[in-house]
Amino acid sequence: MNFHLDYQSVNWITPVKLDVPGQGEIHIWRFDLNYPPPGFENRGNWLNHNELSRADRFYFFSDGRRWRFARAYLRLVLANYLKIAPQSVQIDTTEHGKPFLPKNFK
């Protein structure tokens, strides 16, 4: 299956309450990581201790800030699908730091 998306013609929206993608449907999210998501505090009230520690290990402050914003946006999107608060989303990581939802997460 070939798929092409013309990013210039897409009407991008901010996260809203959405249902989980249905059969044969995907949702693509794009965010400007220079700005925090709505409701996100500067220090990351949505992020856990491990996430804040990881962000603080970046050599350049701007990279750590963008990483915090990216993780906050991930939490925001997942929270909208799961209908819970962003700080309630449980995110585990692989040994290489890739995020995933744990199987026992409810």
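All residue numbers refer to position in the chain's written sequence, counted from 1. Since the coordinates come from a predicted model, pLDDT governs what is reported: local features require at least 70, and pairs of side-chain atoms require 80 or more to be given and counted, while whole-chain, interface and lining totals use all residues. By convention in this description, side-chain values take in all heavy atoms of the structure and omit both hydrogens and water.

Draft legend 1. Structural view of the overall build of the protein chain. Counting its regular elements, the protein chain contains two helices and two strands. Helix and strand assignments follow DSSP, with helices taken as H or I runs no shorter than four residues and strands as E runs no shorter than two, numbered in order from the N terminus. The order of helices and strands in the protein chain, counted from the N terminus, is α-α-β-β. Residue exposure (1.4 Å probe, protein chains only): buried if accessible area is under 20% of the type maximum, exposed if over 50%, otherwise partly exposed. Residues classed as buried in the protein chain amount to 27% of the 106 residues present. Throughout, a contact is declared for two residues whenever any of their heavy atoms are within 4.5 Å. A separation threshold of at least 6 residues defines the contact pool for the protein chain, and within that pool the share at least 24 residues apart is 44%.

Draft legend 2. Quick look at the packing of aromatic side chains. When two rings of Phe, Tyr or Trp (its six-membered ring) have centres within 6.5 Å they constitute a pair, described as stacked for plane angles under 30 degrees, edge-to-face for angles over 60, and tilted for the intermediate range. According to the stated counting rule, one finds five aromatic pairs in the structure shown. Aromatic pair Trp29 and Phe31: ring centres 6.0 Å apart, planes at 0 degrees, arrangement stacked. Phe31 sits in the partly exposed class, given a relative accessible area of 25%. Among the aromatic residues, those joined into a ring-pair cluster are Trp29, Phe31 and Tyr73.

Draft legend 3. Highlighting the pattern of salt bridges. Salt bridge, as used here: a side-chain nitrogen of Lys or Arg that lies within 4 Å of a carboxyl oxygen of Asp or Glu. This model, assessed by the stated rule, comprises three salt bridges. The partner of Asp56 in a salt bridge is Arg68, and the shortest N-O contact between them spans 3.5 Å. In this pair, Asp56 is assigned in helix H1 (residues 49–56) and Arg68 in helix H2 (residues 61–82), connecting sequence segments twelve residues apart. Classification of Asp56 by relative accessible area gives partly exposed; the value is 45%. Among the residues examined, Arg68 registers a relative accessible area of 5% and is labelled buried. Taken together, the salt bridges that share partners define one network made up of Glu51, Arg71 and Arg75.

Draft legend 4. Structural context of H1. Residues Glu51, Leu52 and Ala55 constitute the buried set of H1. On an axial view of H1, the arc spanned by its buried residues comes to 100 degrees, and they lie on one face. Exposed residues lying more than 90 degrees from the buried face of H1 are His49 and Asn50. Taken together, the buried residues of H1 touch H2. Here a polar contact means two N or O atoms within 3.5 Å. Within protein one must be a hydrogen donor candidate and the other an acceptor candidate, and residues neighboring in sequence count only if both atoms are side-chain atoms. In this structure Asn48 caps H1, since a side-chain oxygen of it lies 3.0 Å from the backbone nitrogen of Asn50. An arc is given here, and it is the one of the directions from the helix axis to the C-beta atoms.

Draft legend 5. Looking closely at the environment of Ala70. Relative to the elements of secondary structure, Ala70 occurs in helix H2. Look at Ala70 and you get partly exposed, because its relative accessible area is 29%. Along the backbone, Ala70 and Asp32 are 38 residues apart, and their C-alpha atoms lie at a distance of 8.8 Å.

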